[in-house]
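Close look at the chain arrangement
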Amino acid sequence: MNSIYAGKRVLSIGARRRVLEALTEALNRQGFSAVWTNRHKDVSFLIREFDALAFDIIAIGRGVRPENKERLKQAYREQNPDVTIVDGLAPITNLLVDQIKLACLPDDVLPVRPETDRERHLVIETRESCHLTIKQLYLKLAVSIKGNVAGE
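An account of the accompanying structure is given in this report. What you see is a predicted model; the values in this text were computed from it and never measured.

The next subject is the overall build of the protein chain. Helix and strand counts for the protein chain come out as four helices and six strands. Taken from N to C terminus, the helices and strands of the protein chain fall in the order β-α-β-α-β-α-β-α-β-β. Every one of the 152 residues in the protein chain was classed for burial, and the buried ones make up 32%. Residue pairs in contact within the protein chain that sit at least 24 positions apart in sequence constitute 61% of those at least 6 positions apart.

Structure follows, in structure tokens:
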């Protein structure tokens with residue numbers, strides 16, 4: 001496959017097998033060489049079994065506890081200072097693929113730089129005239145109530 005992503009090696013670490021499988025499949029279709037693990041609680045195992053020198057990008061999902069995420073980032077940056085670490089925003093395959101693709105581009109190539117201001121407004125700075133498409137994605141949250149509800 002002739003792609004700017006061809007051969008980029010990606011390790012995805014997360015909690016949900018189904019999300020990781022879908023992400024890996026989507027990345028491989030784009031030309032990446034992607035693998036995944038859901039052993040996110042066992043930091044020592046991850047550091048021992050997945051050396052950062054073997055990867056260009058390591059994506060860490062939201063399901064990884066913050067303290068584990070920080071230990072992984074520190075250890076992987078020590079193993080490979082050039083590795084790019086992506087913090088997954090949400091378990092949405094297309095969003096995660098876009099995050100990883102964006103991480104492959106050097107800063108001077110990016111035509112826009114999105115930021116959030118203090119009022120949580122999206123601010124976009126463009127380096128050149130361009131057509132801009134904004135994707136707004138939502139997560140559906142399922143809520144279950146256990147036990148008795150008053151008035152029954």
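Looking now at the pattern of salt bridges. This structure, assessed with the given rule, holds nine salt bridges. One salt bridge connects Arg 17 with Glu 21, and the closest N-O pair in it is separated by 3.0 Å. Here Arg 17 and its partner Glu 21 are both found in helix H1 (residues 17-29), four residues apart, which amounts to about one turn of the helix. Using a relative accessible area of 49% as the deciding quantity, one classes Arg 17 as partly exposed. The partly exposed category is assigned to Glu 21, whose relative accessible area is 35%. Ionic pairing is found between Asp 42 and Arg 39, a salt bridge with its closest N-O pair at 3.0 Å. Shared partners join several salt bridges into a network, and the residues in it are Lys 69, Glu 70, Lys 73 and Asp 87.

Rules behind the numbers
- Residues numbered from 1 in each chain as written.
- Predicted model: local features only at pLDDT ≥ 70, side-chain atom pairs only at ≥ 80, totals over all residues.
- Heavy atoms only, no water.
- Helix = DSSP H or I, 4+ residues; strand = E, 2+ residues; numbered from the N terminus.
- Buried < 20%, exposed > 50% of the residue type's maximum accessible area, 1.4 Å probe, protein only.
- Contact = heavy atoms within 4.5 Å.
- Salt bridge = Lys/Arg side-chain N within 4 Å of Asp/Glu carboxyl O.

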